[in-house]
Amino acid sequence: MSTFEIVLTCFLGWFALVLAAFFAFTIIKTKIKNKSFLVKNHREIWTYYSEHEDKLKDLFDPKAKVRELTGIERRFAIMLTTHAELAYSMVKTDMLYIESKKPFMTDIAKVYSKPLMKKYWEETKQFRSPSFAKKVDNCLK
């Protein structure tokens, strides 16, 4: 090998390492931003719930009679479902790491097994991603 080839090989090796480090840093930064976004969203949803708890308590009541949701109940159900679908998608695409998916899916099953939430789910699941809808339906069985 000539000196030029050795220098070129070393430069390309160094460039590949720098490029790999850049991509690793970008991926880690993106994962941290995603988790931060999800935590912020989660906090906003439950803050909204605590501010309107008296109007939303029937959503999680296992003895609630099935009826049409009020506007505020529907809004909360949409926010909660969108949040759950986003979290599921992030875990599925490895953009969010969680130790075990079992507690997450157990929570989903608990929420959507309540009468009003189950009715909402059955009415709207066709508008959700097929993999998320299938996962929720499997949790409800």
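The structure we're discussing is the one just above.
Remember, predicted model here, so these are calculated numbers, not experimental data. (Residues numbered from 1 in each chain as written. Predicted model: local features only at pLDDT ≥ 70, side-chain atom pairs only at ≥ 80, totals over all residues. Heavy atoms only, no water.)

**Things to note about a nonpolar patch on the surface**
Where we set the bar: For patch building, the residue pool is restricted to those with more than 30% relative accessible area and no salt bridge; the joining distance is 9 Å between like charges and 5 Å between nonpolar side chains (Val, Leu, Ile, Met, Phe, Trp, Tyr). All accessibility values rest on the Shrake-Rupley procedure with a 1.4 Å probe; residue burial counts only the protein chains present in the view. Criterion for a salt bridge: a side-chain nitrogen of Lys or Arg within 4 Å of a carboxyl oxygen of Asp or Glu. Working definition: helices are DSSP H or I runs of at least four residues, strands are E runs of at least two. Numbering for both runs from the N terminus. Note on classification: 1.4 Å probe, protein chains only; a residue is buried when its accessible area is under 20% of the maximum for its type, exposed when over 50%, partly exposed between these limits.
A surface patch of nonpolar side chains, amounting to about 1,100 Å² of accessible area, comprises Phe4, Leu8, Phe11, Leu12, Trp14, Phe15, Val18, Leu19, Phe22, Phe23 and Ile27. Mapped onto the elements of the fold, Phe4 is located in helix 1 (residues 3-51). A relative accessible area of 61% places Phe4 in the exposed class.

**Points about the packing of helix 3 (residues 71-92) against helix 6 (residues 130-140)**
This is how the line gets drawn: Helix axes use the C-alpha atoms of the stretch in contact, all axes being lines fitted to C-alpha atoms, and the angles between their N-to-C directions lie in the range 0 to 180 degrees. Should an angle fall under 35 degrees it is called roughly parallel, over 145 degrees roughly antiparallel, and 65 to 115 degrees roughly perpendicular, with every other angle called oblique. Note on contacts: a residue pair qualifies if any of its non-hydrogen atoms lie within 4.5 Å across the two residues. Lys, Arg, Asp and Glu make up the charged group, whereas Ala, Val, Leu, Ile, Met, Phe, Trp, Tyr, Cys and Pro make up the nonpolar group; the residues left over, Gly among them, are polar.
Following both chains from N to C, one finds helix 3 and helix 6 inclined at 105 degrees, their axes separated by 10 Å at the closest point. By the criterion of interaxial angle, the relationship of helix 3 to helix 6 is roughly perpendicular. Across from Thr81, Ala84, Glu85, Tyr88 and Lys92 in helix 3, the residues of helix 6 making contact are Ser131, Phe132 and Lys135. Of the residues that constitute the contact of helix 3 with helix 6, the class distribution is three nonpolar, two polar and three charged.

**Topic: the packing of aromatic side chains**
Note the following rule: Only the six-membered ring of Trp is used, alongside the rings of Phe and Tyr, when aromatic pairs are assigned; centres must lie within 6.5 Å, and planes under 30 degrees apart are stacked while those over 60 apart are edge-to-face, with the rest tilted.
Under the defined criterion, the tally for this structure stands at 13 aromatic pairs. Ring centres of Phe11 and Phe15 lie 6.4 Å apart, and the angle between their planes is 20 degrees; on these two criteria the pair is classed as stacked. Of this pair, Phe11 and Phe15 are both found in helix 1, four residues apart, which corresponds to roughly one turn of the helix. Residue classification places Phe15 among the partly exposed residues on the basis of a relative accessible area of 42%.

**Brief notes about the layout of surface pockets**
Short version of the rule: With a 1 Å grid laid over protein atoms only, a set of points is called a cavity when a 1.4 Å probe fits there but cannot get out and a pocket when it is open yet has protein on both sides within 12 Å along at least five of seven lines; lining residues have an atom within 4 Å of a point. Grid points are joined across faces, edges and corners, and a volume is the space filled by probe spheres set on the points.
As a volume, the largest pocket reaches approximately 470 Å³. Around the largest pocket sit 19 residues that line it, and His42, His83, Ala87, Phe104 and Asp107 are the ones nearest its centre. Only helix 1, helix 3 and helix 4 (101-112) provide two or more residues apiece to the lining of the largest pocket. Broken down by element, the lining of the largest pocket gets its largest block of residues, six residues, from helix 4. Across the lining of the largest pocket, the residue classes tally to 15 nonpolar, two polar and two charged.

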